[in-house]
Amino acid sequence: MFGRMTIRTLLSALVLLLAAPVLAQTDEFLPLTTPVDLATGEPDREVGELVFRGGVEIAPDKAGIGGISGLEWHDGRLYAVADDGRWLMLTPGDVQGRLVDVALVTLGPLLDERGRKLGDKDRSDAEAITRLPTGEWLIAFEREHRIWRYPSPDAAASGSEDGAAALIVGAADNGGVETLAAYDDGLLVCGEWVDPARPNCLRITPAGAQAFHLAAPEGVAEAGGVPTDAACKADGTCYVLFRSYNANEGNRAAIVELGADNGPKTLAVLAPPLTLDNFEGLAVREEAGRTFLYLVSDDNFRNCDGGERAGCQRTLLMKFEIKGTAPAPGAPPVIAAAPATKATARPGTRPFPEASHVDVVLTTDISDITIALETERAPVTASNFLRYVDEKRFDGTVFYRAMRLDREPKPNGLLQGGTQFDPKRILPGIAHEPTSQTGLTHTHGALSMAMGEPGSANGDFSIMIEDQTGLDADPAASDPVWRNGYAVFGYVIDGMDVVAAIHASPIDPAKGEGWMKGEILADPVTIISARRAPVQRAPEP
């Protein structure tokens, strides 16, 4: 959004009870993440047939996130399993098609057939996950080698998948099934070895099981590369992740496209000095004719959180696009403007309708936007905005930025406008009023001050399109940015259709820097004037 912020969709931290014979605890919370580049200074680095589309490092946080060994895309989220017998659901935060955050993590224990936690490492070492067309899930474990069926990751196991049993006969404790990938008419299963004399993969279809050997591609084979995950498109085209490790060089990874006839094609080899770690999870996402791949790394619970040190590893989540599906240079941005809906045009809802407020009308090139400034609940921030209004400092400024978030309902995101640090217009920064103090929140139609850090807000502001409550203050957060959040000071009470129309204006893909690139309007919409609305007086009796 503004300053150092990327994007958050924070839900209140909850402890939920799952539907299982023995109720299990699930945690849901906002993780700490740090953006990472595949190559410094090259936001769209191309490697082979892949184009980098953003990445983050996920801190272990209070839940000890780590050990992630499998990945699956379903219904707008990434599902994963971990070496310590947990399942995870990650909600990615995309801005203009780039992964910039993980907006929410939900996680809980995997359960056996009786609804009990799995216990020691031999039983709990989950390595792969996939969702069947029937809606069931398969999860593979090593050490105590098996593939179990689940109605959903948070439920008790409902049985086993024995079609791949022959593949893991004689497998080493720490070298079993690492790869599960379902598609409309079959299942791909691969083990963590590459001995040509011993097939390492199976395709299981209604016609039977076909065993074959999938060799590691050049670039990882020489360092002992093995398959560690896969994901398939509905037509049976699969993408297999190989990883290798060399003590002198570190990690490498490769992505191999596997046709329905099992013919391999290497899409990319990722090698130093690119940003890499122990990648063990891969998911495929298809959207609007484009194909994206997500990679996640297993930190083996030796996370680098708190500083780099010998032998430490990171939990990295990266997004790539397969070439040939990306728009041509100069084409519209990745996340095009969704048409405004009747729901989008609804006004904002003031949490404290009886609180004192002052209405202001922003007259734009398109039409008017009326806002209620929360002078009682957020007196410092609302009074600052009123000073800009009364001194006509907003007259002639523009709405210039449309952040379009890749999530439902669409359109979704925020619209930013104001003084853009014009030295002739801005006033000194103001004291920060966090939402934990005011009780206000970043719901649909809320106005929030842009800032780099608390105390720096001046004359730039944003209007929320749909709820963006991840921008609220979180007093429990360890990161001071999210502990303070951003300051809400008003709500649009009329003219959200105008806000949506501006938000849908064409983007200039060449404008903007950093995370704002691809978010700047080609033709900014002018705020012709900002004035206090006439006070509506009750009629005399």
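Quick notes on the rules
- Residues numbered from 1 in each chain as written.
- Predicted model: local features only at pLDDT ≥ 70, side-chain atom pairs only at ≥ 80, totals over all residues.
- Heavy atoms only, no water.
- Helix = DSSP H or I, 4+ residues; strand = E, 2+ residues; numbered from the N terminus.
- Rg over C-alpha atoms; globule rule 2.2 N^0.38 Å.
- Buried < 20%, exposed > 50% of the residue type's maximum accessible area, 1.4 Å probe, protein only.
- Polar contact = N/O pair within 3.5 Å; in protein donor to acceptor, adjacent residues only side chain to side chain.
- Contact = heavy atoms within 4.5 Å.
- Disulfide = S-S within 2.5 Å.
- Phe/Tyr/Trp six-rings, centres within 6.5 Å; stacked < 30°, edge-to-face > 60°.
- Lys NZ or Arg CZ within 6 Å of the ring centre and 35° of its normal.
- Pairing = 2+ DSSP bridges.
- Axes fitted to C-alpha atoms, helices over the stretch in contact; angles between N-to-C directions.
- pLDDT = per-residue confidence, 0-100.
- 1 Å grid on protein atoms, 1.4 Å probe; cavity = no way out; pocket = protein on both sides within 12 Å on 5 of 7 lines; lining within 4 Å.
- Points joined across faces, edges and corners; volume = space filled by probe spheres on them.

Visitor: Which residues make up the overall build of the chain, and what are the values?
Guide: Summing up its helical and strand segments, the chain has five helices and 32 strands in all. Here the chain has a C-alpha radius of gyration of 26 Å; the compact-globule value for 541 residues is 24 Å, and the two agree. Its C-alpha atoms give the chain principal-axis dimensions of roughly 90 × 50 × 45 Å. Taking all 541 residues of the chain together, the buried fraction comes to 58%.

Visitor: Tell me about the side chain of S69, and please be specific about residues and values.
Guide: Within the fold, S69 resides in strand β6 (residues 68-74). Classification of S69 by relative accessible area gives buried; the value is 0%. Side chain to side chain, S69 and E127 meet in a polar contact 3.4 Å long. Leave out the neighbours within four places in its chain, and S69 touches V81, D83, A126, E127, A128, T228, E280 and D298.

Visitor: Residues and numbers for unusual backbone geometry, please.
Guide: A cis amide bond links E408 with the next residue in sequence, P409, at an omega value of -5 degrees. Positionally, P409 belongs in the loop between β27 (397-404) and β28 (413-418). Put simply, K410 and P411 share a cis peptide bond, and its omega is 5 degrees. Along the polypeptide, P411 turns up in the loop between β27 and β28. Of note in this structure, F301 is not a glycine but carries a positive phi near 55 degrees. Following the sequence through the fold, F301 ends up in the loop between β23 (290-297) and β24 (315-322).

Visitor: Any chance you could break down the state of the cysteines for me, citing the residues and the numbers?
Guide: Taken as a whole, this structure holds three disulfides when the rule is applied. Each disulfide pairs two cysteine sulfurs, and for C232 the partner residue is C238, the sulfurs being separated by 2.0 Å. Its S-S torsion of approximately 95 degrees makes the covalent link between C232 and C238 right-handed. Residue classification places C232 among the buried positions, given a relative accessible area of 12%. Judged by its relative accessible area of 0%, C238 is buried. Between the sulfur of C304 and that of C312 lies a disulfide, 2.1 Å long from S to S. The disulfide joining C304 to C312 has a torsion of about 95 degrees about its S-S bond and is therefore right-handed. When its relative accessible area of 6% is taken as the criterion, C304 is described as buried. Across the chain, the disulfide pattern expressed with sequentially numbered bonded cysteines is 1-2, 3-4, 5-6.

Visitor: Provide a residue-level description of the packing of aromatic side chains, including the pertinent values.
Guide: Taken as a whole and assessed by the stated rule, the structure comprises ten aromatic pairs. Taking 5.6 Å as the distance between ring centres and 65 degrees as the angle between the ring planes, the aromatic pair formed by F52 and F320 counts as edge-to-face. Of the two residues, F52 is situated in strand β5 (residues 50-58) and F320 in strand β24; the sequence distance between them amounts to 268 residues. Of the aromatic side chains, those joined through ring pairs into one cluster are F385, Y388, F394, F399, F461 and F489. In this arrangement the basic side chain of R146 is found over the ring face of W148, its NZ or CZ atom lying 4.2 Å from the centre. Looking at R377, its charged tip hangs above the ring of F352, at a distance of 3.7 Å from the centre.

Visitor: Break down the side chain of E161 for me, citing the residues and quoting the values.
Guide: Relative to the assigned elements, E161 resides in the loop between β13 (159-160) and β14 (177-183). From its side chain, E161 meets the backbone nitrogen of G163 in a polar contact 2.7 Å long. Not counting the four nearest positions on each side in its chain, E161 is found in contact with L138, I147, R149 and L187.

Visitor: Explain the sheet that holds strand β17 (residues 208-212) to me, and be specific about the residues and the numbers.
Guide: The antiparallel open sheet is built from four strands, whose spatial order is β14-β15-β16-β17. Strands at the two margins of the open sheet, each flanked by one partner only, are β14 and β17. Neighbour-to-neighbour, the strand axes of this sheet turn through a mean angle of 15 degrees, independent of strand direction. For strand β15 (residues 186-191) and strand β16 (residues 201-205), the ladder comprises four bridges, and the chain directions are antiparallel. Residue pairing for β16: C190 is matched across the bridge by C201.

Visitor: Now, about the sheet that holds strand β30 (residues 460-465): what can you tell me, with residues and values included?
Guide: With antiparallel pairing, eight strands are arranged side by side around a closed barrel as β25-β26-β31-β29-β30-β28-β27-β32. Across this sheet, the average inter-strand angle for adjacent strands is 35 degrees, counted without regard to direction. Strand direction decides the pairing type here: strand β25 (residues 358-364) and strand β32 (residues 520-532), joined by five bridges, are antiparallel. For T364, the partnering residue across the bridge sits in β32 and is I527. The strands touched by helix α2 (residues 379-390) within the sheet are β25, β26 (368-373), β29 (446-449), β30, β31 (488-494) and β32, with β32 carrying the most contacts at an inclination of about 90 degrees. Sitting on the sheet, helix α5 (residues 496-503) touches β25, β26, β27, β28, β30, β31 and β32, and the angle it makes with β30 is about 100 degrees.

Visitor: So what's going on with the confidence of the model for the chain? Which residues, and what values?
Guide: Here the chain averages 87 in pLDDT, and 91% of its residues register 70 or above. Ignoring residues within four places in sequence, the model shows residues 1-24, a span with pLDDT below 50, making 88 contacts including any to other chains. Note on residues 330-334: pLDDT under 50 across the span, and nine contacts to partners over four residues away in sequence or across chains.

Visitor: Summarise the layout of surface pockets; cite the residues concerned and give the values.
Guide: Put simply, the second largest pocket is a space of about 620 Å³. Taken together, 30 residues form the lining of the second largest pocket, with G76, T91, D406, R407 and E408 sitting closest to its centre. When residues of the lining of the second largest pocket are traced back to their parent elements, those giving at least two are β8 (86-95), β9 (98-109) and β22 (279-287). Top element by residues in the lining of the second largest pocket is β8. It accounts for five residues.

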